[in-house]
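The chain contents come next:
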Amino acid sequence: MNDFGFFFPGYGYFFVGNQVEQFSDTIRTLHSVERLAVCAIDYHAFRHLSTSTTLRSLFIQLPCAMDYYCPVEISFPETLEIVDVLTYHLTFVLKLLANKRFASRHLNIRSRYHYPVKNLAHFFEQLRDHFSPDHLTHLSLDITEPSVFSSSVIDTQSQNTFDVQCLPTLFEFQSLEELKLASYWTVDLDDGWMASIASSLPNLQVLDLGTETGCDLSQAVLKVTMRGVVSLIDGLPRLRALGLVFDATLEALPAAHEYWGVWNRNLTILRVGMSPIDAPAEVASRLSSLLPSLKKVDMSSLDGVRHKWERVSELLQTYSQVKEEGLHAATAGEDCVSYTGDLVGMFVERSLVASFSAVLA
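Cut-offs used in this document
- Residues numbered from 1 in each chain as written.
- Predicted model: local features only at pLDDT ≥ 70, side-chain atom pairs only at ≥ 80, totals over all residues.
- Heavy atoms only, no water.
- Helix = DSSP H or I, 4+ residues; strand = E, 2+ residues; numbered from the N terminus.
- Buried < 20%, exposed > 50% of the residue type's maximum accessible area, 1.4 Å probe, protein only.
- Contact = heavy atoms within 4.5 Å.
- Areas by Shrake-Rupley, 256 points an atom, 1.4 Å probe, with all protein chains shown as cover.
- Salt bridge = Lys/Arg side-chain N within 4 Å of Asp/Glu carboxyl O.
- Core = buried A, V, L, I, M, F, W, Y, C linked by side-chain atoms within 4.5 Å.
- Domains from an automatic or database assignment.
- Polar contact = N/O pair within 3.5 Å; in protein donor to acceptor, adjacent residues only side chain to side chain.
- Axes fitted to C-alpha atoms, helices over the stretch in contact; angles between N-to-C directions.
- Parallel < 35°, antiparallel > 145°, perpendicular 65-115°, else oblique.
- Pairing = 2+ DSSP bridges.
- Phe/Tyr/Trp six-rings, centres within 6.5 Å; stacked < 30°, edge-to-face > 60°.
- Lys, Arg positive; Asp, Glu negative; His and termini not counted.

A. View of the overall build of the protein. Across its full length, the protein holds 10 helices and 11 strands. Within the span of the protein, comprising 361 residues, buried residues form 49% of the whole. Restricting the contact set of the protein to residue pairs at least 6 apart, pairs at least 24 apart contribute 77%. Roughly 16700 Å² of accessible area belongs to the protein as shown, and the carbon and sulfur atoms make up 51% of that amount.

B. Layout of the pattern of salt bridges. According to the stated counting rule, one finds 13 salt bridges in the structure shown. The residue E258 makes a salt bridge to R227 at a minimum N-O spacing of 2.8 Å. Remark: R227 occurs in helix α7 (residues 226-235) and E258 occurs in the loop between β9 (241-244) and β10 (269-273); sequence separation between them is 31 residues. For E258, a relative accessible area of 34% puts it in the partly exposed group.

C. A look at the nonpolar core. One finds F123, L189, L244, L287 and W309 to be the most contacted residues of the largest nonpolar core, which totals 89 residues. There are two domains that each give this core at least three residues, and those are domain 1 (1-146 + 171-176) and domain 2 (211-330). Not counting residues up to four positions away in its chain, the partners in contact with L287 are M226, L270, V297, W309, V312 and L316.

D. Region of interest: helix α6 (residues 191-200). Residues of α6 that are buried include every one of D191, W193, M194, I197, A198 and S200, and no others. A side-chain oxygen of the first residue of α6 lies 3.0 Å from the backbone nitrogen of G192; this N-cap is D190.

E. Region of the structure containing the packing of α6 against α7. Two elements in contact, α6 and α7, have axes separated by 8 Å at closest approach and are oriented at 10°. With respect to each other, α6 and α7 are oriented roughly parallel. Contacts between α6 and α7 involve D191, M194, A195, I197 and A198 on the former and, on the latter, R227, G228, S231, L232 and G235.

F. The pairing of strand β5 (residues 106-111), seen in detail. Burial along β5 is one-sided: the face carrying L107, I109 and S111 is buried and the face carrying H106, N108 and R110 is not. Two strands pair when backbone bridges link them, and strand β4 (residues 82-87) and β5 are joined in this way by 6 bridges, in the parallel orientation. Across the sheet, residue D84 finds its bridge partner in β5, namely N108. Alignment of β5 against strand β6 (residues 138-143), held across 6 bridges, turns out to be parallel. Bridged to S111 within β6 is I143.

G. Seen up close, the packing of aromatic side chains. Per the counting criterion, the structure on display carries 4 aromatic pairs. Pairing F171 with W193 gives two aromatic rings, centres 6.4 Å apart and planes at 45°, and the pair type is tilted. A residue pair is termed long-range when its members are at least 10 positions apart, and F171 in the loop between α5 (167-170) and β7 (178-181) and W193 in helix α6 qualify at 22 residues. Judged by centre distance (6.1 Å) and plane angle (75°), the ring pair of F246 and W309 falls under edge-to-face. Within this pair, whereas F246 is found in the loop between β9 and β10, its partner W309 is found in helix α9 (residues 303-332), the two being separated by 63 residues in sequence. Each member of the pair, F246 as well as W309, is classed as buried.

H. Region of interest: the side chain of D247. Secondary-structure assignment places D247 in the loop between β9 and β10. For the buried residue D247, which engages in no salt bridge, the nearest side chain bearing the opposite charge is R227, 8.3 Å off. Among the polar contacts made by the side chain of D247, one reaches the side chain of T249 at a distance of 2.6 Å. In this view, D247 contacts L222, V224, T225, M226, A252 and P276; residues no more than four positions away in its chain are not counted.

See below:
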């Protein structure tokens, strides 16, 4: 048996009657189960998890307020690779982590509400204390009901932010391949922090910071610019998906010499959230140079930025097509002459310059 789910329709999220014994007996006999999904916590039942030699994935669903009902005596098997928690708020997770050590590689937490800054800092500290830094490769914190908060009433000082001083704690997890904090943002993030992320977490393949935040950033002065994006691209060669809110206005764009020789062909997904932008053609030109494989940008649905980022996507697709046509023409030869090596690049670049001028005209 690979999968098993244990739920109690009609009884909410609490054990009643003889269900504790039923659950306990069931868990004890599931020696070969690899993935387990439950919607209740009880020490008498979960004590049997420590004897499991095959359990790899545990999904705990507690969308109601049960933070007070989490026995700290629960232990988990060393085979557990994925811990996936859907909970009401972070307090339950903090209690779940108490007095335990995890060798898990994936930790995914979805909460109904945003975590207050203080709780989030405490969570990162608990994470460091209870997870092996050389094991954890995937960390994701998400909000299941972001609509609970209206962007019109949330400002940049609300609980929908985090303290950047929490980041050095995460930097201890140098094996991280995915870090998703899409629902959290702070105006204290800047290009320097992007460089620190790149140097401290060199194995990152997926990074998302603030692209789904409920903060109203329309009046905020963003300190992360495309120079921060350049630092991430330059320092994270394995990066394939990036989500980041940054200042993409014309005055904040880097000059060509600042990113000359920097590119990443692996990155095909770019999420920009509510990033401000006023010169789509200039942004598209730089992104095309930095991210040759990028053909589309995912953005916020807000009208203020959406149509401009959609224009960036259109230009990226045009540039990509021009590159392909130029490469095809170069390799096929001009006037029946075959081009190779640097001559191909020169031919494509010459074609791009001419085509870009036509597109922007």
